[in-house]
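# Breakdown of the fold
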Amino acid sequence: MKTLAIISQKGGSGKTTLAVHMAVCAIRQGFHTAIIDIDPQGSAYDWYLSREEQNELNAVQAQVGQLAALLKQAKTGGADVVIIDTAPHSDSAAAVAAQLADFILMPCRPSRFDLKAIGSTAAIARLAKTPAAAVINAAPRGKLSDEAKEALRQQGINVLEPVLQQRAAYTHAVIDGRSVHEYEPEGKAAEEIDELFACLKLMMKL
C-alpha cells in the first residue's frame, strides 16, 4: 500500500480537487483506493457521500489522531492507494500526515502569494524526510506556469512536469460527486489528471 498526502499550508490551492480526481483515476486503473479526509471542512468526504456510484472507492472523515490507525486498517483491508486530504493552516496535522505518507504532493497556483507560501509546506516535508514535489494547479494559459516552475526550482523545490490548467470541467464534475473522468472522459482535464497520476505512480513505485 502507498500513501499520498496532499499538503498545502495555503488555502485555495486545490488540495481537495486533486484528492478526489486522483482517487477516481487510481480506481480506473485498477487500484483499490481510499480517501482519508482530515480537513475539518470535510469537503472530500462530502463529495464522496454525494456520489451515485461509489465503486471501489472508500472514504472517511477523521481527526489527525486517528490517521495512523486508519492507515493500518486500510492496509489490512487491501487498499493499494490511500490519499490524505489535509487542512490548510495546520502545521501539526500536516506534519503528522507528512510523516505517515510515502509521498507528498504540494499543489501550488502560479501566483505570487502561493509561490511564497509553499516554502512552509516544503519545510514540513523536509522535516518529515518524506519525498515531495509541487504541482502547478489552476494555471491560466500562457507562460505563467513555466515561470512558476522556475521560481519553485530556485527555492530548491522539486516540481512535477504535468500542469493542471484552470478548466471549468474540474468545477462542474464535483458538483454531483463525479470526477473529470466521469464528467468528460475524453476531455483535457481528464488527460491532465492521467498525466499527473502517471508521474505519481513512478514517484511512489506503484
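The structure this text deals with has already been given above.
Numbering of residues begins from 1 in every chain and follows the order in which that chain's sequence is written. Owing to the predicted nature of the model, reporting of local features is limited to residues with pLDDT of at least 70; listing and counting of side-chain atom pairs is limited to 80 or more, with chain, interface and lining totals taken over all residues. Only hydrogens and water are set aside when side-chain values are computed; all heavy atoms of the structure are taken into account.

## With respect to the overall build of the chain
- Segments assigned H or I by DSSP are reported as helices when at least four residues long, segments assigned E as strands when at least two residues long, and all are numbered from the N terminus. A tally of regular secondary structure across the chain gives 9 helices and 7 strands.
- For this measure, only C-alpha atoms enter the radius of gyration; the expected value for a globule follows 2.2 Å times N^0.38, where N is the number of residues. Radius of gyration (C-alpha) of the chain: 16 Å, near the 17 Å computed for a compact globule of 206 residues.
- Three exposure classes are used, based on accessible area relative to the maximum for each residue type with a 1.4 Å probe and protein chains only: buried under 20%, partly exposed in between, and exposed over 50%. Every one of the 206 residues in the chain was classed for burial, and the buried ones make up 51%.
- Counted over contacts in the chain with a minimum sequence separation of 6, partners at least 24 positions apart contribute 76%.
- To be clear on the numbers: accessible area is Shrake-Rupley with a 1.4 Å probe, and residue cover counts the displayed protein chains and nothing else. If you sum the accessible surface of the chain, you get close to 9,800 Å²; carbon and sulfur atoms cover 49% of it.
- Residues counted as positive are Lys and Arg, residues counted as negative are Asp and Glu, and His and the chain ends are not counted. Lys charges are placed at NZ, Arg charges at CZ, Asp charges at CG and Glu charges at CD. Looking at the chain, you have 21 positive and 23 negative side-chain charges, and the mean spots of the two groups are 8 Å apart. Only heavy atoms enter the contact rule, under which two residues are in contact if any of them lie within 4.5 Å.

## A few points about unusual backbone geometry
- For Lys129, which is not glycine, the phi torsion reads 60 degrees and is therefore positive.
- Even without glycine at this site, Lys205 takes up a positive phi of about 55 degrees.
- Within the element layout of this structure, Lys205 appears in the segment after helix H9 (188-204).

## Quick look at the packing of helix H3 (residues 67-76) against helix H4 (residues 91-100)
- Convention adopted: a line fitted to C-alpha atoms gives each axis, helices being fitted over their contacting stretch, and angles between N-to-C directions are expressed from 0 to 180 degrees. For the pair H3 and H4, interaxial distance at closest approach is 10 Å and the crossing angle is 30 degrees. Between H3 and H4, the crossing angle belongs to the class labelled roughly parallel. Crossing of H3 against H4: the hand is right-handed. The segment H3 lies against H4, with Leu67, Ala68 and Leu71 engaging Val96, Ala97 and Leu100.
- Looking at the contact of H3 with H4 residue by residue, the class counts come to 6 nonpolar, no polar and no charged. If an angle is under 35 degrees, it is roughly parallel; if it is over 145, roughly antiparallel; if it lies from 65 to 115, roughly perpendicular; otherwise it is oblique. Crossing handedness is read from the near helix: turned anticlockwise from the far helix by less than a right angle, it gives a left-handed crossing, and turned clockwise, a right-handed one. Just so you know the grouping, Ala, Val, Leu, Ile, Met, Phe, Trp, Tyr, Cys and Pro go in nonpolar, Asp, Glu, Lys and Arg go in charged, and all remaining residues, Gly too, go in polar.

## Some points on the pairing of strand S1 (residues 2-6)
- The element S1 is largely enclosed, with a buried count of 4 among its 5 residues.
- In terms of strand pairing, S1 meets strand S4 (residues 81-85) through 5 bridges, oriented parallel. Paired with Lys2 across the strands is Val81, a residue of S4.
- Across 3 bridges, the pairing between S1 and strand S5 (residues 103-108) is parallel. The residue bridging Ala5 from the neighbouring strand is Ile104, located in S5. Pairs of strands are assigned from DSSP output, requiring at least two bridges between the strands.

## Notes on the pattern of salt bridges
- We count a salt bridge whenever a side-chain nitrogen from Lys or Arg sits within 4 Å of a carboxyl oxygen from Asp or Glu. One pass over the full model with this rule turns up 6 salt bridges.
- Residues Lys10 and Asp114 are paired through a salt bridge, measuring 3.7 Å at the closest nitrogen-oxygen approach. Note that Lys10 is positioned in the loop between S1 and helix H1 (15-28) and Asp114 in helix H5 (residues 112-128), a separation of 104 residues in sequence.
- In this structure, a network of salt bridges that share partners links the residues Lys149, Arg153 and Glu161.

## A word on the packing of H1 against H9
- Across the interface, H1 lies against H9 with an axial gap of 10 Å and an inter-helix angle of 80 degrees. Here H1 is positioned roughly perpendicular relative to H9, judged by the angle of their axes. Judged by residue contacts, Leu18, His21, Met22, Cys25 and Ala26 of H1 engage Ile193, Asp194, Leu196, Phe197 and Leu200 from H9.
- Here the residues of the contact of H1 with H9 are counted per class, giving 8 nonpolar, 1 polar and 1 charged.

## Here we look at H4
- Among the residues of H4, Ala93, Ala94, Ala97 and Ala98 are the ones counted as buried. All buried residues of H4 project into a common sector of 135 degrees when viewed along the axis, lining one side. Away from its buried face by more than 90 degrees, H4 exposes Asp91, Ser92 and Gln99. To be clear, the arc concerns the directions from the helix axis to the C-beta atoms.

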